[in-house]
Amino acid sequence: MDDIGANLILVQAQIAAAAERSGHVSADVQLVAVSKKQSAEKVRAAFDARQPIFGESRVQEARAKIPLLPSAVRWHFIGRLQKNKIRHALPFFELFHSVDSLALATEMNRIAGEEGLRLQILLEVNVAGEGSKIGFSPDELRAHLETILQLDRLTVLGLMTIPPLSQEPEQSRRHFATLRGLRDSLARDFSVALPDLSMGMSHDFEVAIEEGATLVRVGTAIFGSRS
Ligand SMILES: *Cc1c(COP(=O)(O)O)cnc(C)c1O
């Protein structure tokens, strides 16, 4: 548990250095501590070390963990949201990073209306164009964005991506740059502010910040390997 506090200090220092290299300040970048498959005790240790935001990727796991932690903990959903889990997930998360289809956005909007909720979301983009990857292709996103922006229960804060896994962080750079370029052109063409870019994980978050990330999702560099 001692490690978690030390790891957080290191990650925060790396965030600050990367932000400075890109002409930003560390306050421009929010750290989402990815706590999937980590115990509530570990989340508590990180929260006590002043980490406020945690990312979970499974509704059931999150719903078991959340009641064990202080209500001041802020939760982001970063995984694939199945349609039949939407209603169970909506009240618990302040941001949904991974809205990956028009159908999912439409269904989230409908259920949020029934539940009297407003949701903040990011749209997940498959920037590398891999067949098996989830997310909108850039063309699909452009085709559906107007419709999504009209869903009255959803506020689209920006875009998210998971680039192809590689050992070498520099391999991710062009994908992060693609996401930023897509955001810039959509924001211009649709006259909408899309301030947030969720990109970068333990192995490549510094590169992501250099390319404009405002949210980095870091798990193992904080908590160690997942059980
Ligand atoms: C698990 C996960 C992460 C964190 O990965 P690490 O390599 O442990 O930092 C980030 N984003 C998503 C979407 C994840 O599922």
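For every chain, the first residue of the written sequence is number 1, and numbering continues from 1 along that sequence. Reporting of local features is limited, given that this is a predicted model, to residues whose pLDDT is at least 70; pairs of side-chain atoms are given and counted only at 80 or more, and all residues count toward the totals for whole chains, interfaces and linings. Side-chain calculation: all heavy atoms of the structure are included, whereas hydrogens and water are not.

Q: Describe the overall build of the protein, listing the residues and the values that go with them.
A: Elements are defined by DSSP. Helices are runs of H or I of four residues or more, strands are runs of E of two residues or more, and each kind is numbered from the N terminus. A count of helical and extended segments in the protein gives nine helices and eight strands. The globule rule is 2.2 Å times the number of residues to the power 0.38, and the radius of gyration it is compared with is taken over C-alpha atoms. Against the compact-globule benchmark of 17 Å for 227 residues, the protein has a radius of gyration of 17 Å, which places it among compact chains. For the protein, with 227 residues in total, the buried portion stands at 47%. Sequence separation of at least 24 residues holds for 58% of the intrachain contacts in the protein that already meet a minimum separation of 6. The charged-residue count follows a simple rule in which Lys and Arg add positive charge and Asp and Glu add negative charge, with His and chain termini not counted at all. Where a charge sits is defined by one atom per residue type, namely NZ (Lys), CZ (Arg), CG (Asp) or CD (Glu). Positive and negative side-chain charges of the protein, numbering 26 and 28 respectively, have mean locations separated by a distance of 5 Å. Using a 1.4 Å probe on the protein chains alone, a residue whose accessible area is under 20% of its type maximum counts as buried, one over 50% counts as exposed, and one in between counts as partly exposed. Between two residues, a contact is recorded if the distance between any of their heavy atoms is within 4.5 Å.

Q: Mind laying out the pairing of strand S3 (residues 74–77), listing which residues take part and the relevant values?
A: A pair of strands is considered paired only if DSSP assigns at least 2 bridges between the two. The pairing of strand S2 (residues 53–56) with S3 spans four bridges and is parallel. Of the residues in S3, the one forming a bridge with Phe54 is Trp75. Looking down the strands as they point away from the viewer, one classifies a crossover as right-handed if the path from the first strand across the helix to the second runs clockwise. On the question of chirality, the crossover connecting S2 to the parallel S3 by way of helix H3 (residues 59–65) is right-handed. By the bridge criterion, two bridges tie S3 to strand S4 (residues 95–99) in an arrangement that is parallel. Looking at the pairing, Phe77 lines up with Phe96 of S4.

Q: Please provide a residue-by-residue account of the packing of helix H6 (residues 138–149) against helix H7 (residues 173–189), values included.
A: Fitted lines through C-alpha atoms give the axes, limited to the stretch in contact for helices. The angle between two N-to-C directions lies from 0 to 180 degrees. The geometry of H6 relative to H7 is characterised by a closest axis approach of 12 Å and an angle of 20° between their N-to-C directions. Comparing their axes, H7 and H6 come out roughly parallel. Considering only the axes of H6 and H7, their crossing is right-handed. Packed against H6, whose contacting residues are Pro138, Leu141, Arg142 and Leu145, the element H7 presents Leu182, Ser185, Leu186 and Asp189 at the interface. Broken down by class, the residue content of the contact of H6 with H7 amounts to five nonpolar, one polar and two charged. Our angle categories are set so that under 35 degrees counts as roughly parallel, over 145 as roughly antiparallel, 65 to 115 as roughly perpendicular, and the remainder as oblique. Handedness of a crossing follows from how the near helix is turned relative to the far one, being left-handed for an anticlockwise turn of less than a right angle and right-handed for a clockwise one. As a working rule, the residues Ala, Val, Leu, Ile, Met, Phe, Trp, Tyr, Cys and Pro are called nonpolar, Asp, Glu, Lys and Arg charged, and the rest polar, with Gly in that last group.

Q: Which residues make up the site of the ligand, and what are the values?
A: Neighbouring the ligand are the residues Val34, Lys36, Ile78, Ile162, Met201, Ser202, Arg217, Val218, Gly219, Thr220 and Arg226. Any pair of N or O atoms that falls within 3.5 Å is considered a polar contact. Within protein, one atom must be able to donate a hydrogen and the other to accept it, and sequence-neighbouring residues count only if both atoms are side-chain atoms. For the ligand, an oxygen atom lies 2.5 Å from a polar atom in the side chain of Ser202. A distance of 2.9 Å separates an oxygen atom of the ligand from a polar backbone atom of Thr220. Starting from 390 Å² of accessible surface for the ligand in isolation, the protein chains cover 89%. Here the residues of the shell around the ligand are counted per class, giving five nonpolar, three polar and three charged. Residues are labelled near a given molecule or strand when at least one of their non-hydrogen atoms is within 4 Å of it. Each accessible area value is a Shrake-Rupley result obtained with a 1.4 Å probe; residue values ignore everything except the protein chains displayed when judging cover.

Q: Provide a residue-level description of the nonpolar core, including the pertinent values.
A: Across soluble globular proteins, nonpolar side chains show a tendency to be buried alongside one another. Counting residues in hydrophobic clusters, the biggest one holds 64 residues, and the most contacted among them are Phe96, Met108 and Leu123. The dominant element in this core, judged by the number of residues it contributes, is helix H1 (residues 2–21), at six residues. Other than its neighbours up to four places away in sequence, Phe96 contacts Phe77, Leu81, Ala89, Leu90, Met108, Leu119, Gln120, Ile121 and Leu122. Counting residues in hydrophobic clusters, the runner-up holds seven residues, among them Val32, Ile53, Leu157 and Met160. Nonpolar cores are built from buried Ala, Val, Leu, Ile, Met, Phe, Trp, Tyr and Cys residues. Side-chain atoms within 4.5 Å join them into one set.

Read these as geometric descriptors, not functional statements.
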